[in-house]
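Letter by letter, the chains look like this.
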Amino acid sequence: MENQQYIAIYQTLIQVFLTLGIGYIIARNMESIKGQLNEKFWVKQQVWDTQRLAYEEILSCLYLTKEYIDKQVSYLGDYSDCFVNIGGSAYDYEDKEYEKSYQEHIESEQRAFREKYESKSAEAERQILSNNTRQSFKNLESLFSIKSIYLAQEIKEVEVFLNDLRSKLYDDEPEQECGEDTDSFLDRLIGHHNKSGELVNEIIVLTKKLAMDDLKLSGKG
């Protein structure tokens, strides 16, 4: 009888040890699986963050460029209004009082232009914007060479458009031709900037679409 009790106890102990051993193995495997999942999630999160930062940098460059172009168009338009459209021609008015009043109006408009655009602070602000815009294009060169592997293949199309935009801004800006009057030249120059602005808007739309798809963001809101 005692032998049977010992055998029963022995079998129970074996079962307990086996249960504990299996539990330990399961727990160890669970921890391993958990660690692998955490590692995969961490890698995926790092890639996602790299993608997000890359798209943010591209869009920041585009919106900075848009601001630069808009201010160039405003400057040229106001200059044309003040010094070409109303101040570029001399007329002999029969009504001398009207002529005097109109001349005062011209001088007032030109003075307002100079205060707005030719003060030291205004010129410094335009120069800073110009420098920052040019630098942002340089920064994108390293982005496309290093981080493009993390982005959608269609990002190559954005890169091509950005190169075209940079050329329009810094290499292909129109110059006044021999014999061309100032009014015609300014109209042509403003038109050139307006087309560049349209290109910026197109690239923004394309980049946003790629970012939404790549980052799997909701299009709502």
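Please refer to the structure higher up on the page.
What you are looking at is a predicted structure, and each value in this text was computed from that prediction instead of being measured.

Colleague: Give a detailed account of the overall build of the protein, specifying residues and quantitative values.
Modeller: Scanning the protein from terminus to terminus reveals 5 helices and 0 strands. For the protein, the α and β elements follow one another from N to C terminus as α-α-α-α-α. Expressed as a percentage of its 221 residues, the buried residues of the protein come to 27%. Within the protein, contacts between residues at least 6 apart in sequence are counted, and of these 78% link residues at least 24 apart. Surface exposure of the protein reaches about 15,600 Å², of which carbon and sulfur atoms provide 53%.

Colleague: Hey, could you go over the nonpolar core for me, with residue numbers and the actual values?
Modeller: In this structure, Ile58, Leu62, Val158, Leu162 and Leu165 are the most contacted members of the largest nonpolar core, which totals 30 residues. Residue assignment for this core shows that the elements contributing at least two residues are α1 (2-85), α3 (120-146), α4 (155-170) and α5 (182-214). The greatest single-element share of this core, amounting to 9 residues, is contributed by α1. Sequence-distant contacts of Val158, defined by excluding residues within four places in its chain, comprise Ile58, Phe144, Ile203, Leu206, Thr207 and Leu210. Grouped together as the second largest cluster of nonpolar side chains are 6 residues, Leu76, Val84, Leu186 and Leu189 included.

The rules we used
Residues numbered from 1 in each chain as written. Predicted model: local features only at pLDDT ≥ 70, side-chain atom pairs only at ≥ 80, totals over all residues. Heavy atoms only, no water. Helix = DSSP H or I, 4+ residues; strand = E, 2+ residues; numbered from the N terminus. Buried < 20%, exposed > 50% of the residue type's maximum accessible area, 1.4 Å probe, protein only. Contact = heavy atoms within 4.5 Å. Areas by Shrake-Rupley, 256 points an atom, 1.4 Å probe, with all protein chains shown as cover. Core = buried A, V, L, I, M, F, W, Y, C linked by side-chain atoms within 4.5 Å.

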